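Structural description and commentary
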Amino acid sequence: MAVKTATRLTLARRPRRLRRTEPIRSLIRETRLTPDSFILPLFVVEGRGIRNDVGSMPGVAQLSVDEAVTEAAAARADGVPGVLLFGIPAAKDPDGTLASDPEAPVQSAVRALKREMPDLVVITDVCLCEYTSHGHCGILDGEEIANDITVSHLVQAALSHAVAGADFVAPSDMMDGRVAAIRQALDERGFERTGIVSYAAKYCSAFYGPFRDAADSAPKFGDRRSHQMDPANVDEALREVETDLQEGADIVMVKPAGPYLDVIAKVKATFNQPTAAYQVSGEYAMLKAASANGWLDETRAMMESLIAIRRAGADIIITYFARDAARLL
Ligand code: PBG
């Protein structure tokens with residue numbers, strides 16, 4: 001069909017000029033993804049040569065220490081500079097005793113990873129929920145999580161990670177005062193170089209569902225509303241971040257990421273501090289499931305979800321897609 005020259009417009013602005021070719025689009029691109037901002041979460045179990053696929057997270061497996069080293073080395077070869085470790089202990093009890101055991105999976109993995117790859121960035125999740133028989137994030141007093149006694153257990157876990165050689169400990173429990181207590185304990189023991197990535201604005205989210213399969217950490221009764229944040233709140237997120245920074249957090253995190261882009265943007269704009277965002281298990285599982293059904297283009301949906309998190313202001317992106325995305329970049 002002939003172009004109707006009679007309808008030609010005279011326009012001062014034609015935004016489409018800048019979208020005409022990929023080189024032009026690339027010239028004016030405002031944000032970029034680079035693999036050096038990605039962190040890959042790993043789930044570590046006891047044993048050797050073990051890779052237990054996590055059903056609700058295709059491509060993610062529980063790994064024994066040797067397999068975790070192999071996976072981290074492969075991630076590094078893809079350009080991913082670091083890992084976030086979760087441990088699944090051999091046994092659980094009401095106090096989550098194995099959380100601070102020097103021979104438990106996380107502590108063993110830290111030592112093995114640091115031995116093989118001294119400059120791999122090793123971050124350890126600090127929480128009791130994977131270690132307690134009831135699946136709650138702390139020590140129970142009746143059906144409530146007792147804050148201050150829980151903090152003393154978290155401090156012991158964080159110290160055991162630091163002794164093993166972690167670069168950063170990442171408390172994800174949302175107890176009050178845990179960053180200050182961990183910072184003080186680390187400093188007193190001479191671990192002033194061990195940093196704290198604080199899960200500062202961690203929401204009580206349905207999107208953690210698949211993780212609780214992966215880490216076997218679903219609460220046996222009740223929920224996490226008494227400590228994780230209400231999804232409706234953003235001023236409160238800023239107060240949480242401010243508190244954790246004052247208590248000594250080096251990096252603050254918003255979690256989940258995709259549904260909380262406004263929170264990431266506000267945290268970054270308000271404090272201008274190193275800010276991480278965690279694209280959690282449910283965000284990953286949704287994209288994987290829709291792609292497996294042919295309903296979404298997995299690669300495009302993955303990259304779009306990640307660039308959105310970056311655009312919102314995240315410096316660091318913790319994502320199960322870290323290796324796939326890094327390979328594409
Ligand atoms: C707590 C913790 C959780 C996640 C990270 N740390 C689960 C929870 O709070 O219930 C979720 C991560 C994800 O969903 O990918 N140790």
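Residues numbered from 1 in each chain as written. Predicted model: local features only at pLDDT ≥ 70, side-chain atom pairs only at ≥ 80, totals over all residues. Heavy atoms only, no water.

Along the polypeptide, Asp-66 turns up in helix 2 (residues 65–77). For Asp-66, the side chain forms a polar contact with the main-chain nitrogen of Gly-49, separated by 2.9 Å. Each residue touching Asp-66, except ones within four places of it in the same chain, is listed here: Gly-47, Arg-48 and Gly-49. (Helix = DSSP H or I, 4+ residues; strand = E, 2+ residues; numbered from the N terminus. Polar contact = N/O pair within 3.5 Å; in protein donor to acceptor, adjacent residues only side chain to side chain. Contact = heavy atoms within 4.5 Å.)

At a closest axis distance of 9 Å, the pairing of helix 2 and helix 3 (residues 105–116) adopts a crossing angle of 45 degrees. When the axes of helix 2 and helix 3 are compared, the pair comes out oblique. Classified by chirality, the crossing of helix 3 by helix 2 is right-handed. Taken together, the residues of helix 3 that come into contact with helix 2 (itself represented by Val-65, Ala-68, Val-69 and Ala-72) are Pro-105, Ser-108, Ala-109, Ala-112, Leu-113 and Glu-116. Grouping the constituent residues of the contact of helix 2 with helix 3 by class yields 8 nonpolar, 1 polar and 1 charged. (Axes fitted to C-alpha atoms, helices over the stretch in contact; angles between N-to-C directions. Parallel < 35°, antiparallel > 145°, perpendicular 65-115°, else oblique. Left-handed = near helix turned anticlockwise from the far one by under 90°. Nonpolar A, V, L, I, M, F, W, Y, C, P; charged D, E, K, R; others polar.)

Looking now at a positive patch on the surface. Positive charge collects at one region of the surface, where Arg-8, Arg-14, Arg-16, Arg-17 and Arg-19 lie side by side. Along the polypeptide, Arg-16 turns up in the segment before helix 1 (22–27). Of the residues examined, Arg-16 reaches a relative accessible area of 69% and is grouped as exposed. (Patch = residues over 30% accessible without salt bridge, like charges linked within 9 Å, V, L, I, M, F, W, Y side chains within 5 Å. Areas by Shrake-Rupley, 256 points an atom, 1.4 Å probe, with all protein chains shown as cover. Salt bridge = Lys/Arg side-chain N within 4 Å of Asp/Glu carboxyl O. Lys, Arg positive; Asp, Glu negative; His and termini not counted. Charge placed at Lys NZ, Arg CZ, Asp CG, Glu CD. Buried < 20%, exposed > 50% of the residue type's maximum accessible area, 1.4 Å probe, protein only.)

Enumeration over the complete set of coordinates arrives at 9 aromatic pairs. Ring centres of Phe-43 and Tyr-320 lie 6.2 Å apart, and the angle between their planes is 10 degrees; this geometry places the pair in the stacked category. Placement of Phe-43 in strand 1 (residues 38–45) and of Tyr-320 in the loop between strand 12 (316–319) and helix 11 (322–328) is noted, with a sequence separation of 277 residues between them. Like Tyr-320, Phe-43 is buried. Taken together, the ring pairs in this structure connect Phe-43, Phe-86, Tyr-199, Phe-211, Tyr-278, Tyr-284, Tyr-320 and Phe-321 into an aromatic cluster. The residue whose ring lies beneath Lys-255 is Tyr-208, and the NZ or CZ to ring-centre distance is 4.4 Å. Lys-255 extends its terminal NZ or CZ atom over the ring of Tyr-278, reaching a point 5.1 Å from the ring centre. (Phe/Tyr/Trp six-rings, centres within 6.5 Å; stacked < 30°, edge-to-face > 60°. Lys NZ or Arg CZ within 6 Å of the ring centre and 35° of its normal.)

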